[in-house]
Amino acid sequence: MKFLYKNVFWAITILIALSFAFSLVAELGTASPTLPLNEVAAKINDGGITAITVRENTLAITMKDGTAATAEKENEAGLTETLKNYGVDPLALAKVKIAVEGQSGGRFWASVLIPTLLPIIAMVAIFWFIFRQAKGGANQAFSFGKSNIRLFSPSKDSVMFKDVAGLKETKRELEEVVDFLKNPKKFLDMGARIPRGVLLMGAPGTGKTLLARAVAGESGVPFFHISASEFVEMFVGVGASRTRDVFATAKKSAPSILFIDEIDAIGRHRGSGMGGGHDEREQTLNQILVEMDGFERDTQVVVLAATNRPDVLDEALLRPGRFDRRVALDSPDIADREAILAIHAKGKPLEQTIDLRKVATRTPGFSGADLANLMNEAAILAARANRSSITQQDIFDSVEKVMMGPERRGRAISPKEREITAYHEAGHALVAASLVNSDPIHKVSIVSRGFAGGYTLKLPLEDVRLRTRSQFAADLAMMLGGYVAEQEMFGEMSTGASNDLQKVSELARRLVTQYGMSEKIGPIAFGTTEETMFLGHAMGGEKNYSETAATEIDAEIKGFISRAYALAKKIVSSRKKVLTAIADALLEKEVLEQDDFNAIVQSFKLKPIAA
Ligand code: ADP
Ligand code: MG
Ligand code: ZN
């Protein structure tokens, strides 16, 4: 088949070429007589020539009697020069009209040929394309056991370690791997075994894929990457053979790095799958285990893998000799966030006065991806406002956009609804401002965003890993502040507090069952047994505690919440004037920044209360 198509193609091409050549020859055949240059010179001298047109090296000559002739001159020399060498009198030459024509002959041909040739070429191209498609399809059908593993080729804009902010320990670990691949001898001489697998673990957006790309950029050895889901996509039953293929490819070009992204797609606990298709996954996983065992002592292939669910990985993967190195990628702390923001500010015109540290302060819990997104949103905001640079306010506005969705200023809100929202947010803010252990308020707003009617933004002064019981108590009271304020001012509650209540209940449950912060129950962590997974979601496992314990837990949760409620109530009812002042300011300005808010609160000289 293929050969037939090829022949047809060549036949058409040759036909076209032949007809083209033939027409050229035919044209030449009718041409005028060719004169030698010395004769041309002589004719010029006795005035027999009126005009000469030069087309490259061909001279089209018009005689005095109207007939035409041609002549050839040498390549290098100009016409006048050549003729002078043949003894032409300059005065006689001046009487001859000399014109130099560039490609006009070619242009003539193009105007004739393009309309005729173009359709033919187009047809040929279409055929060619169809053949190629058909060919590709056939190949794909026969090679689906082959992986679509990609070889990373280093280029000018490849990522380097310096393009990854923070993550110091992780980088150090990976630098070691890179070093190993660059000078294996140094390590082998010491009898060290090559690290076989490095598992990058971290929440989504913490930079796992980015870091792997940096390793590719730094290492200077072949770097293969594949996403684990590609092992099993499309055709069932090829996962294992693809795995074999992937490892074979990597080994062939050792020393090399093989990067398997999102390995949890196949690396889940075997035997815990629900729904179909997990047999396939198991076989693929088994094959990976086999391949990693099959590395010789000095095989210089390092397998790098990334996951955001290390908890669901099969233990067999984590055993020494496989992914024996595990590095956690932490969410960035304040300094890292500043550094990440700086990296993503590159190439964006920022106003001189911008303080990225302030942005970092406002973004605890943001991942690297969130921060990258944030800078992009800020650039979009500035561009939409037709400004020439990005302002601090653009970035702050984007923080909230990334956190809570875009502002919805346009939504119609009834005055009553607006008033309720104002008091609700004022309630949160007042409780937070009154308690010693609460984090400072950064912003209070009644502009609705995403699903929230309004919001109160309080942020810890620094990133904290540890929170104490009294801080949690303050948090609970603050979360209930909105609910209490509505109750105090309007005598009833609205649905606006439902999200708060849900958060309060979740937090209180964690305090009791995970953090051991209930005196009555004491330092026990309650939880569920191994969760069954379905489509990546926990289906809920069995409780590993008795019904009696469950009753006690519920009572303790309730205790935490009712203490927080009492505290919030005490604050709001005894400081109604402050509450009203905040709410009025909100109704007037919609948004209170930290300084405005503090000014209001300080004017009342509130005494801080301990939770
Ligand atoms: P994941 O951990 O989910 O694989 P990625 O590596 O894909 O996350 O990160 C997404 C994006 O977030 C990156 O392309 C990069 O722009 C940004 N990013 C994440 N972490 C960092 C970091 N430490 N330094 C700079 N940029 C980062
Ligand atoms: Mg990733
Ligand atoms: Zn609320």
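See the structure printed just above.
Report on the accompanying structure.

About the criteria used
Residues numbered from 1 in each chain as written. Chains lettered and ligands numbered in written order. Predicted model: local features only at pLDDT ≥ 70, side-chain atom pairs only at ≥ 80, totals over all residues. Heavy atoms only, no water. Helix = DSSP H or I, 4+ residues; strand = E, 2+ residues; numbered from the N terminus. Buried < 20%, exposed > 50% of the residue type's maximum accessible area, 1.4 Å probe, protein only. Contact = heavy atoms within 4.5 Å. Areas by Shrake-Rupley, 256 points an atom, 1.4 Å probe, with all protein chains shown as cover. Donors = N, O, S within 2.8 Å, 3.2 Å for Na, K, Ca; no water. Phe/Tyr/Trp six-rings, centres within 6.5 Å; stacked < 30°, edge-to-face > 60°. Axes fitted to C-alpha atoms, helices over the stretch in contact; angles between N-to-C directions. Parallel < 35°, antiparallel > 145°, perpendicular 65-115°, else oblique. Left-handed = near helix turned anticlockwise from the far one by under 90°. Nonpolar A, V, L, I, M, F, W, Y, C, P; charged D, E, K, R; others polar. Patch = residues over 30% accessible without salt bridge, like charges linked within 9 Å, V, L, I, M, F, W, Y side chains within 5 Å. Salt bridge = Lys/Arg side-chain N within 4 Å of Asp/Glu carboxyl O. Core = buried A, V, L, I, M, F, W, Y, C linked by side-chain atoms within 4.5 Å. Near = heavy atom within 4 Å. Polar contact = N/O pair within 3.5 Å; in protein donor to acceptor, adjacent residues only side chain to side chain. Domains from an automatic or database assignment. Pairing = 2+ DSSP bridges. Expected span 1.5 Å × (residues − 1).

## Describing the overall build of the protein chain
Phase 1 of the analysis: Scanning the protein chain for helices and strands turns up 23 helices and 15 strands.
Phase 2 of the analysis: Looking at the 611 residues of the protein chain, the share that counts as buried comes to 40%.
Phase 3 of the analysis: Across the protein chain, contacts joining residues at least 24 apart in sequence account for 74% of those joining residues at least 6 apart.
Phase 4 of the analysis: Accessible surface, the protein chain: about 33100 Å² in total, of which carbon and sulfur atoms supply 57%.

## Quick notes on the coordination of the zinc ion (ligand 3)
Phase 1 of the analysis: The coordination sphere of the zinc ion (ligand 3), as far as protein atoms go, consists of His424 (NE2), His428 (NE2) and Asp500 (OD), spread over 2.0 to 2.1 Å.
Phase 2 of the analysis: In terms of primary sequence, the donors binding the zinc ion (ligand 3) are separated according to H-x3-H-x71-D. With histidine 424 and histidine 428 both in helix α18 (residues 415–434), this residue pair falls four residues apart, about one helical turn. As far as burial versus exposure is concerned, histidine 424 and histidine 428 are alike and both buried.

## Here's the deal with the packing of aromatic side chains
Phase 1 of the analysis: A complete count under the given rule lists five aromatic pairs for this structure.
Phase 2 of the analysis: Consider the rings of tyrosine 483 and tyrosine 565, whose centres lie 6.2 Å apart with planes at 65 degrees: the pair is edge-to-face. Here tyrosine 483 is found in helix α19 (residues 469–490), whereas its partner tyrosine 565 is found in helix α21 (residues 547–574), with 82 residues between them in sequence.

## A look at unusual backbone geometry
Phase 1 of the analysis: Of note in this structure, asparagine 386 is not a glycine but carries a positive phi near 55 degrees.
Phase 2 of the analysis: On the secondary structure map, asparagine 386 appears in the loop between α16 (368–384) and α17 (392–404).
Phase 3 of the analysis: Phi angles above zero are rare outside glycine, and glutamate 590 is one such case at about 70 degrees.
Phase 4 of the analysis: Here glutamate 590 lies in the loop between α22 (576–589) and β15 (591–593).

## Quick notes on the packing of α16 against α17
Phase 1 of the analysis: Between α16 and α17, the shortest axis-to-axis distance is 8 Å and the interhelical angle comes to 125 degrees. On the basis of the axis angle, α16 is oblique to α17. Here the hand of the crossing between α16 and α17 comes out right-handed. Within the contact between the two elements, α16 uses Asp370, Asn373, Leu374, Met375, Glu377, Ala378, Leu381 and Ala382 and α17 uses Asp394, Ile395, Asp397, Ser398, Val399, Lys401 and Val402.
Phase 2 of the analysis: Taken together, the residues of the contact of α16 with α17 break down into eight nonpolar, two polar and five charged.

## Focus on a nonpolar patch on the surface
Phase 1 of the analysis: On the surface, Ile114, Leu118 and Ile121 cluster together into a nonpolar patch covering about 290 Å² of accessible area.
Phase 2 of the analysis: Secondary-structure assignment places leucine 118 in helix α5 (residues 104–142).

## Overview of the nonpolar core
Phase 1 of the analysis: Counting 52 residues, the largest nonpolar core has Val431, Leu435, Ile582, Leu592 and Phe597 as its most contacted members.
Phase 2 of the analysis: Mapped onto this core, the elements with two or more residues apiece are α18, β11 (441–445), α19, α20 (498–513), α21, α22 and α23 (594–603).
Phase 3 of the analysis: Val178, Phe223, Leu304 and Val327 belong to the second largest nonpolar core, which has 27 residues in total.

## Looking at the site of ligand 1
Phase 1 of the analysis: Taken together, 16 residues form the shell around ligand 1, and within it Ala165, Gly205, Lys208, Thr209 and Leu210 come nearest.
Phase 2 of the analysis: Note that a nitrogen atom of ligand 1 is positioned 2.9 Å from one of the backbone N or O atoms of alanine 165.
Phase 3 of the analysis: For ligand 1, an oxygen atom lies 3.4 Å from a polar atom in the backbone of threonine 206.
Phase 4 of the analysis: Burial of ligand 1 by the protein amounts to 81% of the accessible area it has alone, namely 550 Å².
Phase 5 of the analysis: When grouped by side-chain class, the residues that make up the shell around ligand 1 number eight nonpolar, six polar and two charged.
Phase 6 of the analysis: Taken domain by domain, the shell around ligand 1 gets at least three of its residues from each of domain 2 (150–329) and domain 3 (334–403).

## A closer look at the sheet that holds β15
Phase 1 of the analysis: The strand order across the open sheet formed by three strands is β12-β11-β15, and the pairing between neighbours is antiparallel. Whereas interior strands pair on both sides, the edge strands pair on one side only; in this sheet they are β12 (455–458) and β15. Taking the axes of each pair of neighbouring strands and ignoring which way they run, one obtains an average angle of 10 degrees across the sheet.
Phase 2 of the analysis: Strand direction decides the pairing type here: β11 and β15, joined by three bridges, are antiparallel. Directly across from lysine 443, in β15, lies its bridge partner glutamate 593.
Phase 3 of the analysis: On the sheet, α22 packs against β11 and β15 and is oriented at approximately 115 degrees with respect to β15.

## Brief notes about the side chain of aspartate 394
Phase 1 of the analysis: Note that aspartate 394 resides in helix α17.
Phase 2 of the analysis: For aspartate 394, a relative accessible area of 4% puts it in the buried group.
Phase 3 of the analysis: Within the local environment of aspartate 394, its side chain forms a polar contact with the backbone nitrogen of threonine 391, the two atoms lying 3.0 Å apart.
Phase 4 of the analysis: Discounting residues that sit within four places of it in the chain, aspartate 394 has contacts with Ala378, Leu381, Ala382, Arg387 and Ser389.

## A short note on α21
Phase 1 of the analysis: Relative to the 40 Å expected for 28 residues at 1.5 Å per residue, α21 spans 41 Å between its end C-alpha atoms, a close match to the ideal helical length.
Phase 2 of the analysis: Turning to α21, its buried residues are Ala549, Ala550, Ile553, Glu556, Ile557, Gly559, Phe560, Ala564, Leu567, Ala568, Ile571 and Val572.

## Here's the deal with the packing of α18 against α19
Packed helices, taken two at a time, are described by the angle their axes make and the gap between the axes.
Phase 1 of the analysis: The contact between α18 and α19 brings their axes to 7 Å, and the two run at 135 degrees. Considering their axes alone, α18 and α19 lie oblique with respect to each other. The crossing of α18 and α19 is right-handed. Here α18 contributes Lys416, Glu419, Ile420, Tyr423, His424, Gly427, His428, Val431 and Ala432 to the contact with α19, which in turn contributes Ala477, Met478, Met479, Gly481, Gly482, Tyr483, Ala485, Glu486, Met489 and Phe490.
Phase 2 of the analysis: Broken down by class, the residue content of the contact of α18 with α19 amounts to eleven nonpolar, five polar and three charged.

## Description of helix α6 (residues 168–182)
Phase 1 of the analysis: Over its 15 residues, α6 extends 21 Å from the first C-alpha to the last, a length consistent with the 21 Å expected when each residue adds 1.5 Å.
Phase 2 of the analysis: Of all the positions in α6, only Thr170, Lys171, Leu174, Val177, Val178, Phe180 and Leu181 are classed as buried.
Phase 3 of the analysis: Buried-residue contacts for α6 involve α7 (184–189), β6 (197–202), α8 (208–219), β8 (256–261), β9 (301–307) and β10 (325–329).

## So, the sheet that holds strand β3 (residues 68–72)
Phase 1 of the analysis: The mixed open sheet is built from four strands, whose spatial order is β3-β2-β1-β4. Edge positions in the open sheet fall to β3 and β4 (97–101), since each of these has one partner strand only. Averaged over all adjacent pairs, the angle separating strand axes in this sheet is 20 degrees, with direction ignored.
Phase 2 of the analysis: Sheet topology places strand β1 (residues 49–55) next to strand β2 (residues 58–63); six bridges connect them, and they run antiparallel. Bridging across to β2, threonine 53 finds its partner in alanine 60.
Phase 3 of the analysis: Relative to β1, helix α2 (residues 37–45) is tilted by about 140 degrees, and along the sheet it contacts β1, β2 and β3.

## Regarding the pattern of salt bridges
Phase 1 of the analysis: Applying the stated criterion to the full structure yields 20 salt bridges.
Phase 2 of the analysis: Across the salt bridge formed by arginine 357 and glutamate 338, the nearest N and O atoms sit 3.1 Å from each other. Here glutamate 338 lies in helix α14 (residues 334–345) and arginine 357 lies in helix α15 (residues 356–361), a separation of 19 residues in the sequence.
Phase 3 of the analysis: In this structure glutamate 338 comes out as partly exposed when scored by relative accessible area, which is 27%.
Phase 4 of the analysis: Each member of the salt-bridge network shares a partner with another, and the members are Arg362, Glu400, Lys443 and Glu593.

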